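What the coordinates show
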Amino acid sequence: MTEQGMDPTVMMALTALILPLVGFMMAATPYLMRRGEVFAVTVPTAAQQDSYLKGLKRRYAAMVAAVSLVLTAATLALALGGVYAGVIVMLVVGSFAILGIGYGLMQFYRAKTKAYKHKQGWVAGAQESVAVVDDQPVPQVISLKWNLLYLPIMALTLAIGVLGYAQMPDQIPLQMGFDGSVSRWADKTPLIPFMPVLIQGFFGVCLTFSHWTIMRSKKWSEPGAPATSALAYGMFAHAQSLYLVVGGLLIAGAMATMPLTFIGIISMGQAAIGIMVAALAMCIGAIAVSVVYGQAGSRVFLRMQGSDTLLADDDSHWKFGIFYVNRDDPSLFLPERFGVGWTTNWARPAVWALLVAGLAITAGFVVAVLVLF
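The shown structure was predicted, so the numbers you read here are calculated from the model rather than taken from an experiment. (Residues numbered from 1 in each chain as written. Predicted model: local features only at pLDDT ≥ 70, side-chain atom pairs only at ≥ 80, totals over all residues. Heavy atoms only, no water.)

**Structural notes on the overall build of the protein chain**
Each helix and strand in the protein chain was counted, giving 10 helices and 8 strands. Buried positions account for 45% of the 373 residues belonging to the protein chain. Approximately 18,300 Å² of the protein chain is accessible, and the part contributed by carbon and sulfur atoms is 69%. The centroid of the 23 positive side-chain charges in the protein chain is displaced by 7 Å from the centroid of its 18 negative side-chain charges. (Helix = DSSP H or I, 4+ residues; strand = E, 2+ residues; numbered from the N terminus. Buried < 20%, exposed > 50% of the residue type's maximum accessible area, 1.4 Å probe, protein only. Areas by Shrake-Rupley, 256 points an atom, 1.4 Å probe, with all protein chains shown as cover. Lys, Arg positive; Asp, Glu negative; His and termini not counted. Charge placed at Lys NZ, Arg CZ, Asp CG, Glu CD.)

Following this line, the structure appears as C-alpha cells:
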C-alpha cells in the first residue's frame, strides 16, 4: 500500500537541510564564545581583536563550512536522484563527520592557541572570583511550570486516539518506506492510542530536564565586568529556557497528528512533513538564539571594552577543552567551553548518577515502544 499526499523527494530534501544547519553552527562556534576564551583556551578579553587569533578562527570556519557544503550538496543530489536510503545514510554520517571534523580542528587550533598564549605570556597573576548580588535586576530562567503545558497536548492526543479508535483499521500503519509505502504495521489494540502520548511524554521529560539543568547551572560572570556579564548571562539563560519550552510544545503539537494517521484522516507522509517542519523550526530557533546572544550572553554587549590582563584561568579543569573536571567545584552544571549551551562537572558523583538514570529511562522507553506496540 502507498501513502498518498507526500512527495518523498520533498521529505528527503527537507531532511537534507539539517546538514547545513549543523555545519553553520559548528563553523560559527568560535565566534559565539565568551570574550575571554578562544578555542577553549582562556585569554585576556582584549585578545579577541588579536590578528593571529582572528586568523585561526577564519581558517577553522572556512574548513568546516567547506566540508558542510560538500556533504550538503551530495545529500541533496541523492534526494533529487531518488536515492532516499542514501539520504538517510548521508544525514547520519555527514552530521557525525561535521561534528567530528569540527572538534578535531578545534583541538588542532586549541594547541596553537595554547602555544600562542604561552608565547605572549598571558598568565593570571591571581585567580579572581566574582560574586553577583542576587537582588540586582537580572533576567531569570522561566519557571519549570511552563512545561505543564505538555499535559493538555498529551491529553488532546490521547482523546483523538480514543475517540477515533472505532474507526481505526485492524492493521495500524506505523512505519513508512522511502517510496511512501507502509513498511510496518501493528495490530489494533487498546494500547495503540497511547503510543503517540508515550513519545510526547518522553520528549517532554527530556526537554524539561534540560530546562532544569539551566536553572541549576553555575551562573557565568566575567571578572572585570561582573554586573554586565551577569546581566548578559541572565538574558541568555532566559532566552534558552523560553526556546526549550516553545520549541518542545511545537514538536509535541506536531506529534498530536499521529492518531489522525491511525484513523486515516491524514496520511503518514503528511504527518511526517508536519513533524519535520516543526523540527527544522526548532533547529532554526536554536541557531537564532545562539547568534543573537552568543554563548552565555557573550554577544549581548559586543562593544564592551576588553582588558589586556588575564584575571582568571581555569584551563587546567577543562580536559580537551570540553570536559570540565573540578572536584572543588560543587556545581553539577555550567556553561560549555566550546559550544552554545551547558555541560556537566564530571568530577561530581551526582552527574554520573544522573547519566545512569537517563540511560535507564531511555532504555525503558525503547523497550516499552518495542514490546507494547
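What follows picks up the thread again.
**Regarding a positive patch on the surface**
Positive charge collects at one region of the surface, where K54, R58, R59 and K112 lie side by side. Ranked by residue count, the leading element in the positive patch is helix 3 (residues 51-80), at 3 residues. Considering the arrangement of structural elements, one finds K54 in helix 3. Classification of K54 by relative accessible area gives partly exposed; the value is 33%. (Patch = residues over 30% accessible without salt bridge, like charges linked within 9 Å, V, L, I, M, F, W, Y side chains within 5 Å. Salt bridge = Lys/Arg side-chain N within 4 Å of Asp/Glu carboxyl O.)

**A few points about the packing of helix 2 (residues 18-32) against helix 3**
Between helix 2 and helix 3, whose axes approach to 8 Å, the crossing angle comes to 175°. In terms of orientation, helix 2 lies roughly antiparallel with respect to helix 3. In contact with L19, P20, G23, M26, A27, P30 and Y31 of helix 2, helix 3 contributes K54, K57, R58, Y60, A61, V64, A65, S68, L71, T72 and T75. Across the contact of helix 2 with helix 3, the residue classes break down as 11 nonpolar, 4 polar and 3 charged. (Axes fitted to C-alpha atoms, helices over the stretch in contact; angles between N-to-C directions. Parallel < 35°, antiparallel > 145°, perpendicular 65-115°, else oblique. Contact = heavy atoms within 4.5 Å. Nonpolar A, V, L, I, M, F, W, Y, C, P; charged D, E, K, R; others polar.)

**Considerations on the environment of S229**
Mapped onto the elements of the fold, S229 is located in helix 7 (residues 226-255). In this structure S229 comes out as buried when scored by relative accessible area, which is 4%. S229 has contacts with W220, S221 and E222, leaving out every residue within four places of it along the chain. Within the structure, S229 has its side chain in polar contact with the side chain of S221 (distance 3.4 Å). (Polar contact = N/O pair within 3.5 Å; in protein donor to acceptor, adjacent residues only side chain to side chain.)

**Points about a nonpolar patch on the surface**
Taken together, the side chains of L191, F194, V366, V367, L370, V371 and L372 define a hydrophobic patch exposed on the protein surface, amounting to about 640 Å² of accessible area. With 5 residues, helix 10 (residues 349-372) is the single largest residue contributor to the nonpolar patch.

**Some words on the layout of surface pockets**
Taken as a whole, the largest pocket spans an internal volume of roughly 1,600 Å³. Around the largest pocket sit 49 residues that line it, and S210, E336, V340, G341 and W342 are the ones nearest its centre. Those elements that place two or more of their residues in the lining of the largest pocket are helix 2, helix 4 (84-120), helix 6 (194-216), helix 7, helix 9 (268-293), strand 8 (342-344) and helix 10. Tallied by class, residues from the lining of the largest pocket come to 35 nonpolar, 12 polar and 2 charged. (1 Å grid on protein atoms, 1.4 Å probe; cavity = no way out; pocket = protein on both sides within 12 Å on 5 of 7 lines; lining within 4 Å. Points joined across faces, edges and corners; volume = space filled by probe spheres on them.)

**A word on helix 5 (residues 150-163)**
In this model, helix 5 (14 residues) spans 20 Å end to end at C-alpha, consistent with the 20 Å of a helix rising 1.5 Å per residue. Of all the residues in helix 5, the buried ones are Y150, I153, M154, T157 and G161. Projected down its long axis, helix 5 shows its buried positions confined to an angular sector of 100°, all on one face. Among the structural elements, helix 6, helix 7 and helix 8 (258-263) are those in contact with the buried residues of helix 5. (Expected span 1.5 Å × (residues − 1). Arc of directions from axis to C-beta.)

**Some words on the environment of W185**
Considering the arrangement of structural elements, one finds W185 in strand 4 (residues 182-187). Assessed through its relative accessible area of 36%, W185 is described here as partly exposed. Taking C-alpha positions, W185 is 9.7 Å from D170, a pair spaced 15 residues apart along the chain.

**Considering the nonpolar core**
Core analysis: the biggest nonpolar cluster contains 36 residues, and I192, Y233 and F262 have the highest contact counts within it. For this core, the secondary structure elements donating two or more residues are helix 5, strand 3 (171-176), helix 6, helix 7, helix 8 and helix 9. No other element matches helix 7, which puts 12 residues into this core. Apart from the residues within four sequence positions on either side, I192 is in contact with M168, I172, A186, D187, F262 and F373. (Core = buried A, V, L, I, M, F, W, Y, C linked by side-chain atoms within 4.5 Å.)

**With respect to the packing of aromatic side chains**
Considering all chains together, one arrives at 16 aromatic pairs under this definition. Geometrically, the ring pair formed by F39 and Y60 is edge-to-face, given 5.5 Å between the ring centres and 65° between the ring planes. Note that F39 is positioned in the loop between strand 1 (37-38) and strand 2 (41-42) and Y60 in helix 3, a separation of 21 residues in sequence. Pair check on accessibility: F39 and Y60 agree, each one buried. Members of the aromatic cluster, each reached through a chain of ring pairs, are F39, Y60, Y103, F108, Y109 and F338. Sitting over the ring of Y165, K188 keeps its end group 4.5 Å from the ring centre. (Phe/Tyr/Trp six-rings, centres within 6.5 Å; stacked < 30°, edge-to-face > 60°. Lys NZ or Arg CZ within 6 Å of the ring centre and 35° of its normal.)

**What about helix 9?**
Compared with the 38 Å implied by 1.5 Å per residue over 26 residues, the 37 Å span of helix 9 between its first and last C-alpha is a close match. By the burial criterion, the buried members of helix 9 are M268, G269, A271, M276, A278, L280, M282, I287, V289 and S290. G294 occupies a position one or two residues after helix 9 and carries a positive phi of about 75°.

**Thoughts on the packing of helix 5 against helix 6**
The description of two helices packed together rests on the angle between their axes and the distance between the axes. At a minimum axis distance of 9 Å, the contact between helix 5 and helix 6 shows a crossing angle of 170°. As far as their axial angle goes, helix 6 and helix 5 are roughly antiparallel. The segment helix 5 lies against helix 6, with Y150, I153, M154, T157 and L158 engaging F194, P196, V197, Q200, G201, G204, L207 and T208. Of the residues that constitute the contact of helix 5 with helix 6, the class distribution is 8 nonpolar, 5 polar and no charged.

Coordinates in, geometry out; function isn't part of it.
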